[in-house]
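So the chains spell out like this:
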Amino acid sequence: MEIERKFLPDLTGLPFDPADYPVREIEQGYLCTEPVVRVRKDNDSYILTYKSKGLMVREEYNLPLTEEGYRHLIAKADGRVIRKKRYVIPLEDHLTLELDIFEGDLKPLVIAEIEFPDEDTAVNYEPPAWLGEDVTCSPLYHNSVLSRMEPADK
């Protein structure tokens, strides 16, 4: 189960420098968007993911792939292949912020995600102002939707 909220922070208003934290290079493509079937290269790991429908709460299943399997499947991706840098920043109460800075034609998009242990914690979380607009309930900020948008749509 994935329980997360999404925000649109302004990089100039962050109370930290993302460069001070670990970064992962992510490349991902979508074989299907309803349901979501994604292939991802995360640094040197390769993953096939299935996600159910939903905005804040969704079922999620991850299976390991070989590099060869990833290369075969990413060539079959519909829409754009998304490339982003993900910075992982620890927050209070054992929460973690994943700050995605998109590259290519999705630049300068930045999305911050916080994954929660349960739905109550997610609903009751009071985000700091620097996190920006809460877009959890907007499907427009799902990567699967971003993969299908024309560059002028963003």
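The structure reproduced in this document is the subject of the present report. Because the structure is a prediction, the values reported are computed rather than measured. (Residues numbered from 1 in each chain as written. Predicted model: local features only at pLDDT ≥ 70, side-chain atom pairs only at ≥ 80, totals over all residues. Heavy atoms only, no water.)

1. Considering the overall build of the protein
Secondary structure assignment for the protein yields three helices and ten strands. The N-to-C order of helical and strand elements in the protein reads β-β-β-β-β-β-α-β-β-β-α-β-α. Relative to its length of 154 residues, the protein is compact, with a C-alpha radius of gyration of 15 Å against a globular reference of 15 Å. The principal-axis extents of the C-alpha atoms in the protein amount to approximately 40 × 30 × 30 Å. Every one of the 154 residues in the protein was classed for burial, and the buried ones make up 43%. Across the protein, every contact between residues at least 6 apart in sequence was considered, and the portion connecting residues at least 24 apart equals 61%. When the accessible surface of the protein is summed, it comes to about 8400 Å², and 53% of that surface belongs to carbon and sulfur atoms. Here the protein contributes 19 positive and 31 negative side-chain charges, whose respective centroids are spaced 7 Å apart. (Helix = DSSP H or I, 4+ residues; strand = E, 2+ residues; numbered from the N terminus. Rg over C-alpha atoms; globule rule 2.2 N^0.38 Å. Buried < 20%, exposed > 50% of the residue type's maximum accessible area, 1.4 Å probe, protein only. Contact = heavy atoms within 4.5 Å. Areas by Shrake-Rupley, 256 points an atom, 1.4 Å probe, with all protein chains shown as cover. Lys, Arg positive; Asp, Glu negative; His and termini not counted. Charge placed at Lys NZ, Arg CZ, Asp CG, Glu CD.)

2. Considerations on unusual backbone geometry
At the junction of glutamate 34 and proline 35, the peptide bond is cis and its omega measures out at 0° in the coordinates. The phi angle at aspartate 93 is positive, at roughly 60°, despite the residue not being glycine. Position of aspartate 93 among the secondary structure elements: in the loop between strand S7 (78–90) and strand S8 (96–102).

3. Regarding the pairing of strand S2 (residues 23–33)
Pairing of S2 with S7, which is carried by seven bridges, proceeds in the antiparallel orientation. What sits directly across from isoleucine 26, in S7, is lysine 84. The pairing of S2 with strand S3 (residues 36–42) spans seven bridges and is antiparallel. Across the sheet, residue isoleucine 26 finds its bridge partner in S3, namely aspartate 42. (Pairing = 2+ DSSP bridges.)

4. Digging into the pattern of salt bridges
Scanning the model with the defined rule gives 17 salt bridges in all. Note that lysine 85 and glutamate 25 form a salt bridge whose closest N and O atoms lie 2.9 Å from each other. Of the two residues, lysine 85 sits in strand S7 while glutamate 25 sits in strand S2, which places them 60 residues apart along the sequence. Judged by relative accessible area, lysine 85 falls into the partly exposed class, the value being 25%. Accessibility expressed as a relative area gives 36% for glutamate 25, which makes it partly exposed. In this structure, the salt-bridge partner of arginine 71 is glutamate 67, at a minimum N-O distance of 4.0 Å. In this pair, arginine 71 and glutamate 67 are both assigned in helix H1 (residues 67–74), four residues apart and thus about one turn of the helix distant. Overall, arginine 71 belongs to the partly exposed group, its relative accessible area being 38%. Connected through salt bridges with shared partners, the residues Glu4, Lys6, Lys84, Arg86, Glu98, Asp100 and Glu113 form a single ionic network. (Salt bridge = Lys/Arg side-chain N within 4 Å of Asp/Glu carboxyl O.)

5. Remarks on the nonpolar core
With 18 residues, the main nonpolar core has Leu97, Leu99, Ile114, Phe116, Tyr125 and Leu131 as its most contacted residues. The set of elements that each furnish at least two residues to this core consists of strand S1 (2–8), S7, S8 and strand S9 (110–115). Top contributing element to this core by residue count: S9, with three residues. The residues contacting isoleucine 114, other than those within four sequence positions of it, are Ile3, Glu4, Arg5, Phe7, Leu91, Leu95, Thr96, Leu97, Tyr125 and Leu131. (Core = buried A, V, L, I, M, F, W, Y, C linked by side-chain atoms within 4.5 Å.)

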